[in-house]
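# Residue-level structure breakdown
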2 protein chains.
Amino acid sequence: MLYTDAIVAPSQILKMAKDNPPLPIAVVCAHHPNIMETMKQALARNLCIPYLLGKADKIHKLANEYAIPSEKIIVIDCGEEDAHAANIAVEMVHKQEVSALMKGHIHTDVLMRAVVASGNGLRTERRISHVFVMSFPNSDRLLMITDAAVNIQPDEKGYQGIISNVIDCAHKIGYAFPKIALLSASEDVLSAMPSSVLADNATRWAAQVYAGRAIVEGPFALDNAVSLEAAKLKGIERQVAGNADIVVVPDIVSGNILFKTLVYFCGACASGIVLGAKVPIVLTSRADPVEAKIASIALAAKMSS
Amino acid sequence: MLYTDAIVAPSQILKMAKDNPPLPIAVVCAHHPNIMETMKQALARNLCIPYLLGKADKIHKLANEYAIPSEKIIVIDCGEEDAHAANIAVEMVHKQEVSALMKGHIHTDVLMRAVVASGNGLRTERRISHVFVMSFPNSDRLLMITDAAVNIQPDEKGYQGIISNVIDCAHKIGYAFPKIALLSASEDVLSAMPSSVLADNATRWAAQVYAGRAIVEGPFALDNAVSLEAAKLKGIERQVAGNADIVVVPDIVSGNILFKTLVYFCGACASGIVLGAKVPIVLTSRADPVEAKIASIALAAKMSS
């Protein structure tokens, strides 16, 4: 019953970025041990050039504690205001000094407010959305989940934007023809279950927009999206059945439950980035292990290459 | 990161019903090999007295193939119409000939239509809802999930009914003071996230209605409901934090994704029954392993004892 079909190695996320030059990344409010531990390991892998924004004295002190050579980091003092650090990071993107952002010891809301600000923010014509790339112990398979972190309950247009972003991301990280399952609670389209209608409409939309570049199908219940055995038993003969590279959830609650179940019950590693802004943004939580943060930086490096 | 805190043995569901007399159960449309395999094993464990409703000739033939002695089963011919078998099963409950129902080779809708029929159905003053009791390999802990199968998107009243049913169920299967986490995507109450508001209101409601009999708290993100480590790291000091016996999902899609992730990625066993009708109803899917079906029958036996 466990997830065993191999597609890509779990270390594949790190391997993806191996040939990239180190990513210039602005870490917003870097004054936290957790962040410094991550930077130490990212530097050891030559993954990034860290621009550490925040309280400079604290950052220098922590860098010293973690034995990070001062010539390996660029520290930028932003004073006490977290929002100020976020604004400076956004400016650095505009000046092309950095190619990615990373959330440090700052509230997601405060960081994202600077990112989505009209005028000088980092919006593009794309929707802002989030993707998790999950890897599993003893398996080479990856599973991408979107959107489990940014969009609460997308409408049809938002849902299409989320799908477009994840297809773009999949192409960039090496899936030539990603297989995408749009999740609901079953394969039936029921007016009482809005997620099934959303999935059904988006299947037709994507067939036109992404013909030859991706296959998008739904609605799917999770089992028939990821398990060939389950799909065969139920006689579901869609292309994506049992073989999904990506699952699109209808709302943040189902996505949050999905990725956290994989992390807390299955020992999966969740690397994740925000898509659709001018540069990729690594949004990590304090509770994330360093391994997940490093993989997220690698993902951002691959995305901005 | 794996789920290890032990509460009850996975075989505990079977043990629960060990001292119960065999459960008289009406299996609706029993003419399927999968059902007969389940009955064979249930009989070997002395779990039930099977009333097998459906196409009698097929049932007799299958019973013979599976070497089930004819004196161990009661076969009731219901002809070709699945709905007729469902109606006869409901009548048998009214006549107190059986103490539980089980879905055989029949559409859930057809069975449930007979159950909820006004007048002669099996409704009580309670809401009809579903509970899964999940058990895990190499762990003694159980986790109950409700409602991942019957209520699509409950309103406040429906949500309260679901909580009441699962508390009643938990009491009956041996949890004197069940700890219940109401799930959303975080611990924050946000008007943009209806599940968090639902959870917040239900926490106050349950504090009055179930004081001393259960503890109900929410909103919770999944990690802080089931992982003490995560809850501690985030400084969440609620009673249920990290220790939930039961998680209540806001809708069928998140519940479906949750239980299927546990089954297909973590090798969990999902036993489940419908609550709130005159008798417990075992709703299984063809794809369920026999082990899950047996555990569901044991659960029904415990519930009707």
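Up top you'll find the structure we're talking about.
Here's a quick rundown of the structure. (Residues numbered from 1 in each chain as written. Chains lettered and ligands numbered in written order. Predicted model: local features only at pLDDT ≥ 70, side-chain atom pairs only at ≥ 80, totals over all residues. Heavy atoms only, no water.)

What follows concerns empty space enclosed by the protein. Residues and elements named next belong to chain B. Throughout the structure, instances matching the rule amount to 1 cavity of 30 Å³ or more. The space that makes up the largest cavity amounts to roughly 30 Å³. Ranked by the residues each element gives to the lining of the largest cavity, the list is headed by strand β10 (residues 269-275), at 3 residues. Split into classes, the residues belonging to the lining of the largest cavity amount to 4 nonpolar, 4 polar and 1 charged. (1 Å grid on protein atoms, 1.4 Å probe; cavity = no way out; pocket = protein on both sides within 12 Å on 5 of 7 lines; lining within 4 Å. Points joined across faces, edges and corners; volume = space filled by probe spheres on them. Helix = DSSP H or I, 4+ residues; strand = E, 2+ residues; numbered from the N terminus. Nonpolar A, V, L, I, M, F, W, Y, C, P; charged D, E, K, R; others polar.)

Summarising the element assignment, Lys234(A) is placed in the loop between α9 (228-233) and β9 (246-248). For the pair formed by Lys234(A) and Leu143(A), sequence separation is 91 residues and the distance between their alpha carbons is 22 Å. With near-sequence residues (within four places) excluded, Lys234(A) lies in contact with Asp223(A), Asn224(A), Ser285(B), Arg286(B) and Ala287(B). (Contact = heavy atoms within 4.5 Å.)

Between chain B and chain A, the residue contacts involve 40 residues of the former and 40 residues of the latter. Asp223(B) is the partner of Lys260(A) in a salt bridge, and the nearest nitrogen-oxygen pair spans 3.4 Å. Here chain B is connected to chain A by 4 residue pairs in polar contact (both at pLDDT 80 or more). Here the element with the most residues in the side of chain B that touches chain A is helix α10 (residues 252-266) of chain B; it accounts for 13 residues. Looking at the side of chain B that touches chain A residue by residue, the classes come out as 27 nonpolar, 8 polar and 5 charged. (Salt bridge = Lys/Arg side-chain N within 4 Å of Asp/Glu carboxyl O. Polar contact = N/O pair within 3.5 Å; in protein donor to acceptor, adjacent residues only side chain to side chain.)

Moving on, we get to unusual backbone geometry. Here the residue pair Thr146(A) and Asp147(A) is connected by a cis peptide bond, since its omega of -5° sits within 30 degrees of zero. In this chain, Gly218(B) is followed by Pro219(B) through a cis amide linkage whose omega measures 0°. Even without a glycine there, the phi angle at Ala67(A) is positive, about 55°. Among the structural elements, Ala67(A) can be located in the loop between α3 (56-65) and β3 (74-77). Residue Ala67(A) is classed as exposed on the basis of its relative accessible area, which comes to 57%. Its identity as a non-glycine residue notwithstanding, Cys29(B) has a phi of 65°, on the positive side. The residue Cys29(B) is located in the loop between β1 (23-28) and α2 (33-44) in this model. (Buried < 20%, exposed > 50% of the residue type's maximum accessible area, 1.4 Å probe, protein only.)

In this section: the relation of the copies chain B and chain A. Placing chain B over chain A gives an RMSD of 0.0 Å and needs a rotation angle of 180°, together with 0.0 Å of translation along the axis. On this basis, the relationship between the two copies can be described by a two-fold rotation axis. The rotation axis passes nearest to the C-alpha of Ser254(B) in chain B, at a distance of 2.1 Å. A share of 100% of interface residues in chain B that are also interface residues in chain A marks the association as one of identical surfaces. (Least-squares fit on C-alpha atoms with pLDDT ≥ 70 in both.)

Under the defined criterion, the tally for this structure stands at 6 aromatic pairs over all chains. With centroids separated by 5.5 Å and ring planes inclined at 25°, the aromatic side chains of Phe136(A) and Phe265(B) adopt a geometry described as stacked. You can see Phe136(A) sitting in the loop between β5 (129-135) and β6 (142-146) and its partner Phe265(B) sitting in helix α10, one on each of two chains. Taken as a pair, Phe136(A) and Phe265(B) share a single burial class, namely buried. For Arg238(A), the ring lying beneath its charged end belongs to Phe220(A), and the centroid distance is 4.6 Å. (Phe/Tyr/Trp six-rings, centres within 6.5 Å; stacked < 30°, edge-to-face > 60°. Lys NZ or Arg CZ within 6 Å of the ring centre and 35° of its normal.)

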